[in-house]
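Summary of structural features
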Amino acid sequence: QVQLVESGGGLVQAGGSLRLSCAASGRTFRIYAVGWFRQAPGKEREFVAAINYNGGSTYYADSVKGRFTISRDNAKNTVYLQMNMLKPEDTAVYYCAARQVTFRTSWGEYDYWGQGTQATVSS
């Protein structure tokens, strides 16, 4: 019983920043872990970052470590992905997904998905 809506995508130059939001419905959102995935043209969907139910544990793909930060505000039913030092290879549709309590790095292990938001990084 969770619905997710991503927002915050757009067009930015290399080296710039974007802040993506994943807004969730449902009063039980606080018990859900959330992951961010992305899919670039011609590529498979890949894991980006994840956060557990209370924000106490996070995990990042090697490609974004040191540049991206995942966080959550359970009072607002929202998870954020702050993307800094963006590169053209970060261009993709970004999706958020939810599952109970503990995060996973495989998209198939999540139960709820948003519709995605496009992030484009120009050189």
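To be clear, the structure that these remarks concern was listed above.
Read on for a plain summary of the structure. (Residues numbered from 1 in each chain as written. Predicted model: local features only at pLDDT ≥ 70, side-chain atom pairs only at ≥ 80, totals over all residues. Heavy atoms only, no water.)

**Things to note about the overall build of the protein**
Per the secondary structure count, the protein includes zero helices and eleven strands. Shown N-terminal to C-terminal, the secondary structure of the protein runs as helices and strands in the order β-β-β-β-β-β-β-β-β-β-β. Taking 14 Å as the expected radius of gyration for a compact globule of 123 residues, we find that the protein reaches 13 Å, a close match to that expectation. With respect to the three principal axes, the spread of C-alpha positions in the protein is 40 × 25 × 25 Å. With 123 residues in all, the protein has 44% of them scored as buried. Restricting the contact set of the protein to residue pairs at least 6 apart, pairs at least 24 apart contribute 59%. Total accessible area on the protein stands at roughly 6,400 Å², and carbon and sulfur atoms take up 47% of it. Positive and negative side-chain charges in the protein, numbering 13 and 9 respectively, have mean positions lying 6 Å apart. (Helix = DSSP H or I, 4+ residues; strand = E, 2+ residues; numbered from the N terminus. Rg over C-alpha atoms; globule rule 2.2 N^0.38 Å. Buried < 20%, exposed > 50% of the residue type's maximum accessible area, 1.4 Å probe, protein only. Contact = heavy atoms within 4.5 Å. Areas by Shrake-Rupley, 256 points an atom, 1.4 Å probe, with all protein chains shown as cover. Lys, Arg positive; Asp, Glu negative; His and termini not counted. Charge placed at Lys NZ, Arg CZ, Asp CG, Glu CD.)

**Observations concerning the nonpolar core**
In terms of nonpolar packing, the biggest core is built from 36 residues, with Trp 36, Leu 81, Met 83 and Tyr 94 touching the most fellow members. For this core, the secondary-structure elements that each account for two or more residues are β3 (18–25), β4 (32–39), β5 (46–51), β7 (68–73), β8 (78–83), β9 (92–100) and β11 (117–122). Residue contacts for Met 83: discarding those within four places in its chain leaves Gly 16, Ser 17, Leu 18, Leu 20, Arg 67, Phe 68, Tyr 94 and Ala 119. (Core = buried A, V, L, I, M, F, W, Y, C linked by side-chain atoms within 4.5 Å.)

**Let's talk about the sheet that holds strand β1 (residues 3–7)**
Taken together, four strands build an open sheet; the order of strands is β1-β3-β8-β7 and the sheet is antiparallel. The sheet is open, and its two borders are formed by β1 and β7, each paired with just one other strand. Sheet twist, expressed as the average angle between the axes of neighbouring strands with direction ignored, equals 15 degrees. In this structure, β7 lies alongside β8, joined through six bridges in antiparallel fashion. Considered in β8, the bridge of Thr 69 is made with Gln 82. (Pairing = 2+ DSSP bridges. Axes fitted to C-alpha atoms, helices over the stretch in contact; angles between N-to-C directions.)

**Things to note about the environment of Ala 33**
Mapped onto the fold, Ala 33 is located in strand β4. When its relative accessible area of 0% is taken as the criterion, Ala 33 is described as buried. Remark: the alpha-carbon pair of Ala 33 and Tyr 53, spanning 20 residues in sequence, is separated by 4.5 Å. With residues near it in sequence (within four places) discarded, Ala 33 still touches Ile 51, Asn 52, Tyr 53, Arg 72, Ala 97, Ala 98, Arg 99, Gln 100, Val 101, Thr 102, Phe 103 and Tyr 110.

**Quick look at the pairing of β1**
The side chains of a regular strand alternate between both faces of the sheet. What you see with β1 is a clean split: Leu 4 and Glu 6 sit on the buried side and Gln 3, Val 5 and Ser 7 on the side with no burial. Pairing geometry for β1 and β3, over five bridges, is antiparallel. Within β3, the position partnered with Glu 6 by the bridge is Cys 22.

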